Amino acid sequence: MDDFEDTQTESIDVQRNQNKEYEEKIESLQERLMNDHESLNRAKEELADQEAAHASKVTRLTERLYTTQSTAEDQVDSIRAELAENDRHRHIQLEEVQTMLGRAQKRCELMQEEHATLRAQAGRSAGQREVEVESLRNQLACALEGKRIA
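It should be emphasised that the depicted structure is a prediction, and the values quoted were computed from it without experimental measurement.

**Q** Would you mind showing me how to read the overall build of the protein chain here?
**A** Helix and strand counts for the protein chain stand at 1 helix and 0 strands. Taking 150 residues into account, the globule formula puts the C-alpha radius of gyration at 15 Å, and the protein chain, at 62 Å, lies well above it. Looking at the protein chain as a whole, 0% of its 150 residues qualify as buried. On the protein chain, the mean spot of the 21 positive side-chain charges and the mean spot of the 33 negative ones are 29 Å from each other.

What follows is the structure, given as structure tokens:
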């Protein structure tokens, strides 16, 4: 019986040793699990911080984009208005120049007509002068003839 008790005692000792090993293993695994949980929590916090920073940056850049886009649209509208005003001003100037050109052409036509009239008158005057000169020559010749006779 002693052998039986020794075997049983040994069996109990082995079992106790195994239980002790298991408990140590469990404690070790629990520690690792706790460490892993802590690492996970730190990683989650870091990730949350990074996500918050990224979200903030995205928001800031989006606001900047809208501001820049709004400013650009305002500038485009301003340039379009300025171009429209310049086009209107050029159109008015073009109309004024066309009016001035029309007046100048009319004056030119009138001057050409006047020039033609003066040429015609000058031509008639030259012919008339010749007639008058001839008449005066005749009168002079008659007067000289009359003086010689007298």
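What follows picks up the thread again.
**Q** When you look at a negative patch on the surface in this model, what are you seeing that I'm missing?
**A** On the surface, Glu-21, Glu-23, Glu-24, Glu-27 and Glu-31 cluster together into a negatively charged patch. Position of Glu-21 relative to the elements: it lies in helix α1 (residues 2–149). Among the residues examined, Glu-21 registers a relative accessible area of 54% and is labelled exposed.

**Q** Where do I start with the environment of Arg-119 in this structure?
**A** Among the secondary structure elements, Arg-119 is positioned in helix α1. By relative accessible area, which is 59% here, Arg-119 ends up exposed. Note: C-alpha distance between Arg-119 and Glu-85 (34 residues apart in sequence) is 50 Å.

**Q** Any chance you could explain the pattern of salt bridges here in plain terms?
**A** A side chain of one charge can pair with a side chain of the opposite charge if their charged atoms are brought near each other. Under the definition given, this model contains 3 salt bridges. Arg-90 is the partner of Asp-87 in a salt bridge, and the nearest nitrogen-oxygen pair spans 2.6 Å. A residue pair is termed a helical-turn pair when its members lie 3 or 4 positions apart in one helix, as Asp-87 and Arg-90 do in helix α1 at 3 residues. Put simply, Arg-137 and Glu-134 hold a salt bridge, and the shortest N to O gap is 3.9 Å. Of this pair, Arg-137 and Glu-134 both sit in helix α1, 3 residues apart, roughly one helical turn. A relative accessible area of 40% means that Glu-134 is categorised as partly exposed.

Thresholds, definitions, all that
Numbering of residues starts from 1 in every chain and runs along the sequence as written. The predicted origin of the model limits local features to residues at a pLDDT of at least 70 and limits the giving and counting of side-chain atom pairs to 80 or more, whereas totals for whole chains, interfaces and linings rest on all residues. For side-chain calculations, the full set of non-hydrogen atoms in the structure is used, while hydrogens and water are omitted. Helix numbering and strand numbering both begin at the N terminus, where a helix is a DSSP run of H or I of at least 4 residues and a strand a DSSP run of E of at least 2. Put simply, the radius of gyration uses C-alpha atoms, and a globule should come to 2.2 Å times the residue count raised to 0.38. The classification of residues rests on relative accessible area computed with a 1.4 Å probe and restricted to protein chains. Under 20% of the type maximum is buried, over 50% is exposed, and intermediate values are partly exposed. Charged residues are defined here as Lys and Arg on the positive side and Asp and Glu on the negative side; His and the ends of the chain fall outside this count. Note on charges: their place is set at NZ of Lys, CZ of Arg, CG of Asp or CD of Glu. By definition, no residue in a patch forms a salt bridge, and every one has over 30% relative accessible area; like charges are joined within 9 Å, nonpolar side chains (Val, Leu, Ile, Met, Phe, Trp, Tyr) within 5 Å. Using a 1.4 Å probe, the Shrake-Rupley method yields the accessible areas, and only the shown protein chains count as cover for residues. We count a salt bridge whenever a side-chain nitrogen from Lys or Arg sits within 4 Å of a carboxyl oxygen from Asp or Glu.

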